[in-house]
Amino acid sequence: MAQTPSVLGTPRHRVDGKLKVTGIALYASDFKVDRLAHACLIQSTIASGTVIEIDQSEAERAPGVIAVLTRRNAPKLQALPEELSANGTPGESRLPFQDDQVYFQGQHLGAVIAETFEQAREAAALVRIRYQPGELRTDLLGLADQAIEPRMFGGRIKLQDKRGDVDWVWANMPQVRLVNETYSTPIENHNPIEPGAALAAWDENDHLTLHVSTRGVDLTQKVVASAFGLPIENVRIVCPFIGGHFGSKGFSWSYFLVAAAAARIANRPVRLVLSRPQMFDSMGQRARTVQTIGLAADENGKLAALKHSTLTHSSMIYEYTEPCGNLTRLMYACPNVQINHHLVHLNYTTPCPMRAPGEAAGTFALESAMDELAVKLNLDPLELRVRNYAEKDEFDQRAWSSKHLRECYDRGAAKFGWSSRNPKPGSTRDPEGRMVGWGMATAVYPANQQPAAAKAILSNDGSIVVRSATHEAGTGTYTAMTQFVADTLGVPMDRVQFELGDTQFPPAPVNGGSWLTASVAPAVVAACAALRDKLISLGVDGPSAPLSGQARNDIVIADGRISSAKDTSQSLSFSDLLAKTGNQTLEADGSAKPGDSYQKLAFFSFGAIFVEVKVDPDLGEVRVTRVVGVYDVGKILNPLLARSQLLGGITFGIGMALMEGTIPDMATGRMVNANLAEYHVPVFTDVPPDFGIEFLDVPDPNMAANGARGLGEIGIVGAPAAIANAVYHATGKRIRDLPITPDRLV
Amino acid sequence: MNNFAYVRPNDIDSALNLIRTRPKARFLAGGTNLLDLWKMGVEQPQTLIDISRLGLADIAPRPDGTGLRIGALARNSDVAEHSLVLSQYPVLSRALLAGASPQLRNAATVGGNLMQRTRCPYFYDPAFPSCNKRKPGSGCGALNGYNRIHAILGQSDQCIATNPSDMCVALAVLDAQVRVIGPGGERVIPIGEFHRLPGDHPELDSTLQPNELITAVDLPPMADTKHAVYLKVRDRSLYAFALVSVAAALAIENGSITSARIALGGVAHKPWREPEAEALIQGVSPDHAPFDRVADRLLQGAHAYRYNQYKLNLARKSVIRALSVAVASV
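Residues numbered from 1 in each chain as written. Chains lettered and ligands numbered in written order. Predicted model: local features only at pLDDT ≥ 70, side-chain atom pairs only at ≥ 80, totals over all residues.

## Some details on the overall build of chain B
- Within chain B, the secondary structure is distributed over 13 helices and 12 strands.
- Expected size for 330 residues packed as a compact globule is a radius of gyration near 20 Å; at 20 Å, chain B falls within 12% of this value.
- Counting only C-alpha atoms and orienting by the principal axes, one finds that chain B spans roughly 60 × 50 × 35 Å.
- Put simply, chain B has 330 residues, and 53% of those count as buried.
- Considering only intrachain contacts with a sequence separation of at least 6, the fraction spanning at least 24 residues in chain B is 64%. (Helix = DSSP H or I, 4+ residues; strand = E, 2+ residues; numbered from the N terminus. Rg over C-alpha atoms; globule rule 2.2 N^0.38 Å. Buried ≥ 20, exposed ≤ 12 C-beta atoms within 10 Å, placed from the backbone. Contact = placed C-beta atoms within 7 Å.)

Here it is as structure tokens:
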């Protein structure tokens, strides 16, 4: 009989799209509970010092106030264990209410709980705090001499690393072309459309249900249970939808612990939603980076030495390092490479991963430097990259699992028309007199897999529910997993319901590192395959089985039916099978973890991005008018979603290149543009009318999810450098400090 | 946000009576600026007088049949799209459309836009300790702070904030007249006198007196509508405040510039005009007009700070560009 063609690899609209546009999808703050109270944070208005006194008398008398939560009456929170708080593990290990120290502006000192949000906010404004100001550390460059040398990023990646001997090459090869330039990226904030939000409800048995916008329900459960000293099963985290996170949600942040503490002292369910300004101090940010790149090459452009040194900052209470040198180790073939990171503790909020942490900021510097080297060598920038093509991961001396970057270069260049580029900067004007520039860069991003599990349940109506404690950040998890279920069990997608975002489901990793599909899909497939095996057993095992006598190998599972391949009259629907065998439901579990090849091979996604910019010669306004990006991210499971993801990532790249930046006031450590009117993210007119995004669609033979590698973050990698390089080509001005706003060009 | 009384009068007399008698009262029109400031704690009105029932939204020729009278409560979006505005005052339409976002323009009114407070982070966020505008005598956080968007003209040591309105820059070159009514009856304030320079009283953005209400903006007729330009330089292509903006309205007859009106936005506490600069090209052939000298005269006395040095050059180039585009328009 004819098999239904697989839905994997086909363009599919989001299965949750209608829920979202009709408002039916519930986000953390949307859930309804009885007796709900509202909390508003009390925050520090200094960046460094000690709280002398919190005068809450006026706030307590304000209309509608139920309680004021401060260190005085807060439940005693327990310090997080090492596994949740070690340096290098993203998040903020210092819990609220531990002491009277203030480490950054906006630090959570308490909350007002009231009948309405407005009452809570007004009362919070009536709280008077007296401080003893302390030494203020806001100047990254001024305090660079106090930098430490952090060791690891995320417990996995060395932050001080080298191969060969860079210094020897520098000292002994005078004929090489050197670029030794400093590049910088500002503090940036994630700014998802949905702010951080938590709804905490305790029951009489000391069980907490926390609806919270998090991309790590299991991690959040551990943090909350640990902080409140509860057995893990007493805490349930629910998050069916995330309105974007871009790195911000997940980890241990103070606000949802404050919400849970507020609910406890108020003895009411409490909702706490961060305001937009609070999104700039309460949920991480990308720290500022100042990066120096040194490149040495022979006259043919072959790299001889590469130095990448990063100065960045963390908060006073946590060590998190923006790992800018991550990719520098392996992007190009080069015998001598040195990576360093220096970290200064400053009175700013704790940084965390954001939109390709390290890779986005690091490739801006490296790929700008490569462009500068190409200019010095009088070599085409693309040709320089091809001459330094890395045939293996030279750092760990591993073969690539699958790398087709050359094809990305070739196809991208052809589609863009790169070969007609006049290398001379400032050589082209458009009919309106704007300077036209073309730039390119390489994009690379690690392809990881984490352990995950799932459960599949067939009901007697033939519908299938599959559950995993994974996340939907807007990227298409519901859709992609539904595709995998439909594919594995041979049912139409509309018979499948995928459920996620609940600690009662089988465990799944934090959503990050572009690993969601690669991690969760194999677990979903395993659960569905196990269910399939059970279906076949039900069908053929034993004398009374409906398909008794058929060999297992002759059974076909397709179109929601179990059938014999040899005798087409022997066929029944899943629901008939359950009915005939006396089953209401049939369940199966599955799990997956990285295979042995993960130790032996290097897994990365690749891409090449080409952009055209137009620059007003007098006014310095830059517009990106054309983008071509060709990506090697393994098998494409859903071309519509894949394109959307890359389109979003490149748009973030435009933002990073041209407009994004959070600006601290050096005298107070307070951010001056903590709002969406003055923290600029791209609007529609900032992106080109057409994105030329293409995928090679070559399955990675060693990736479990049908050869798909992650594509979550690779879109932002390379784009800022490609734009900066295009600005140089247009104007002859090399802008090494992002963002490239008009003031840098006039 | 503090508790407050809300009232919605049905006529102007009631509105004026309320503003005079109620403590810490504020008029509410579109609310796009007042509510922002209120939520931040910069404004804390005790009475909110919703003036949406007062009418005052007509857009029609003035009673004598010439020019245009725009009601104070006309929405920015309605003004921008109005046929008489588009045909007779295109620079106003362009300026309005260059400002804010469609959603904000749908809510914001002409009167409210005139009353928009100057934009400065040290003013908008009460957690900053120093702002003479918010807390007279507390100092200016921007003077030695982050002053990239701040003034280069007409500022004082008390305040270096800029007026963020695009509309007002266009009104400045249109020689608009602001009609107001108060306890003493009606009066008319020329647009150039409506906004103030900060001087020693940065807390006052305008010359509107307490208990006065803006009723309309009058525009005198324009002889030449072709050579009108609104140029806005900003950090992103839409929904961003001007780094520098220029409104220019030229009249050209028989190969000669018969009138030149030029206003700069984003550089001062108010839209910046300089009659002596405009006079430099009056009676001059547009082909040989010394736009660079106009720019230099406009910017005479300009003073920049650590982060807004670029404005000196950007403003100069913007003026030259706007005038070049204006004369080339046909």
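## A word on the overall build of chain A
- Scanning chain A for helices and strands turns up 17 helices and 32 strands.
- Radius of gyration (C-alpha) of chain A: 27 Å, near the 27 Å computed for a compact globule of 746 residues.
- By the burial criterion, 58% of the 746 residues in chain A qualify as buried.
- At a minimum sequence separation of 6, the contacts of chain A that also span at least 24 residues come to 82%.

## Side note on the interface of chain B and chain A
- In this assembly, 23 residues from chain B lie in contact with 27 residues from chain A.
- Among the elements that take part in the side of chain B that touches chain A, helix H13 (residues 310–328) of chain B stands out by supplying six residues, more than any other.

## Overview of the nonpolar core
- Membership of the largest hydrophobic core comes to 345 residues, with the highest contact counts inside it found for Val112 and Ile113 of chain A.
- Sort the elements by how many residues they give to this core and helix H12 (residues 516–540) of chain A lands first, with 14 residues. (Core = buried A, V, L, I, M, F, W, Y, C linked by C-beta atoms within 7 Å.)

## Topic: unusual backbone geometry
- Cis geometry is adopted by the peptide bond preceding Pro739 of chain A, which originates at Leu738 of chain A and carries an omega value of -5°.
- Relative to the helices and strands, Pro739 of chain A is located in the loop between helix H16 (719–731) and helix H17 (742–745).
- Not every positive phi belongs to a glycine, and Phe246 of chain A is a case in point at roughly 55°.
- When you line up the elements, Phe246 of chain A lands in the loop between strand S13 (235–238) and helix H7 (254–266).
- The backbone of Ala100 of chain B sits at a positive phi, close to 50°, despite the residue not being glycine.
- A tally of 26 C-beta atoms within 10 Å means that Ala100 of chain B is categorised as buried.

## Some points on the packing of helix H11 (residues 477–489) of chain A against H12 of chain A
Residue and element names in this part refer to chain A.
- H12 packs onto H11 with a crossing angle of 30° between their chain directions and a minimal axis gap of 9 Å. When the axis of H11 is compared with that of H12, the two are roughly parallel. The interaxial crossing formed by H11 with H12 has right-handed handedness. Across the interface between the two elements, Thr477, Ala480, Met481, Phe484, Val485, Thr488 and Leu489 from H11 touch Leu516, Thr517, Val520, Ala521, Val524, Val525, Cys528, Ala529, Leu531 and Arg532 from H12.
- Grouping the amino acids of the contact of H11 with H12 by side-chain chemistry returns 13 nonpolar, three polar and one charged. (Axes fitted to C-alpha atoms, helices over the stretch in contact; angles between N-to-C directions. Parallel < 35°, antiparallel > 145°, perpendicular 65-115°, else oblique. Left-handed = near helix turned anticlockwise from the far one by under 90°. Nonpolar A, V, L, I, M, F, W, Y, C, P; charged D, E, K, R; others polar.)

## Some words on the sheet that holds strand S20 (residues 452–459) of chain A
Residues and elements named next belong to chain A.
- Here four strands make up an open sheet; going across it, the order is S22-S21-S20-S26 and the pairing mixed. The open sheet has two edge strands with one neighbour each: strand S22 (496–499) and strand S26 (585–592). Within the sheet, the average angular offset between the axes of one strand and its neighbour, ignoring direction, is 15°.
- Both S20 and strand S21 (residues 464–467) contribute to a ladder of four bridges, which runs antiparallel. Its bridge partner being in S21, Leu458 is matched across the sheet by Ile464. (Pairing = 2+ DSSP bridges.)

## Overview of the domain arrangement of chain B
- Parsing chain B into structural domains produces domain 1 (5–53) and domain 2 (227–328).
- Taking only C-alpha atoms into account, the centre of domain 1 of chain B sits 36 Å from that of domain 2 of chain B. (Domains from an automatic or database assignment.)

## Some words on the domain arrangement of chain A
Residue and element names in this part refer to chain A.
- Domain parsing of chain A yields domain 1 (17–24 + 450–593), domain 2 (31–135 + 192–245 + 249–280) and domain 3 (161–166 + 285–448 + 599–745).
- Measuring from the centre of the C-alpha atoms in domain 2 to the corresponding centre in domain 3 gives 36 Å.
- With 17 residues of domain 2 at the interface, the matching set in domain 3 holds 20 residues.
- Class assignment for the residues of the side of domain 2 that touches domain 3 results in seven nonpolar, seven polar and three charged.

## Considering the sheet that holds strand S4 (residues 101–102) of chain A
All names here are of chain A.
- In spatial order, the strands read S4-S2-S6; together these three strands make up an open sheet with antiparallel pairing. Bordering the open sheet on either side are S4 and strand S6 (128–133), each of which pairs with just one other strand.
- With two bridges connecting them, strand S2 (residues 49–55) and S4 associate as antiparallel partners. For Thr50, the partnering residue across the bridge sits in S4 and is Gln101.

## Focus on the packing of helix H8 (residues 359–377) of chain A against H16 of chain A
All names here are of chain A.
- Following both chains from N to C, one finds H8 and H16 inclined at 35°, their axes separated by 8 Å at the closest point. For the crossing formed where H8 meets H16, the hand is right-handed. Residue-level contacts link Ala360, Thr363, Phe364, Glu367, Ser368 and Asp371 of H8 to Pro720, Ala721, Ala724, Asn725 and Tyr728 of H16.
- Each residue belonging to the contact of H8 with H16 can be placed in one class, and the counts come to six nonpolar, three polar and two charged.

## Some thoughts on helix H4 (residues 117–125) of chain A
- In terms of burial, H4 of chain A is largely enclosed, as seven of its nine residues are buried.
- What H4 of chain A keeps buried is the set Gln119, Ala120, Arg121, Glu122, Ala123, Ala124 and Ala125 of chain A.

## Digging into the pairing of strand S2 (residues 25–28) of chain B
- With four bridges connecting them, S2 of chain B and strand S3 (residues 47–50) of chain B associate as parallel partners. In the sheet register, Phe27 of chain B faces S3 of chain B, and the bridge partner there is Ile49 of chain B.

## A closer look at helix H6 (residues 217–227) of chain A
Residues and elements named next belong to chain A.
- The element H6 is extensively covered by neighbouring structure, given that 10 of its 11 residues are classed as buried.
- All of the buried residues along H6 are Val217, Asp218, Leu219, Thr220, Gln221, Lys222, Val223, Val224, Ser226 and Ala227.
- Structurally, H6 contributes buried residues whose contacts are with helix H3 (82–85), strand S12 (208–212), S13 and H7.
- Gly229 lies just past H6 and shows a positive phi near 65°.

## A word on the environment of Gly474 of chain A
Residue and element names in this part refer to chain A.
- With respect to the secondary-structure elements, Gly474 resides in the loop between S21 and H11.
- As a C-alpha pair, Gly474 and Arg14 span 460 residues in sequence and 9.5 Å in three-dimensional space.
- Setting aside residues up to four positions removed in sequence, Gly474 forms contacts with Ile242, Gly243 and Gly244.

## Some words on the environment of Asn706 of chain A
All names here are of chain A.
- Structurally, Asn706 is set in the loop between strand S32 (691–695) and H16.
- We classify Asn706 as buried; it has 22 C-beta atoms within 10 Å.
- For the pair Asn706 and Leu8, spaced 698 residues apart in the sequence, the C-alpha separation amounts to 8.8 Å.

## Structural notes on the pairing of strand S10 (residues 244–253) of chain B
All names here are of chain B.
- The buried fraction of S10 is high, at eight of 10 residues.
- Bridge count for strand S9 (residues 227–233) against S10 is seven bridges, and the pairing is antiparallel. Considered in S10, the bridge of Tyr230 is made with Ala247.
- In terms of strand pairing, S10 meets strand S11 (residues 256–265) through nine bridges, oriented antiparallel.

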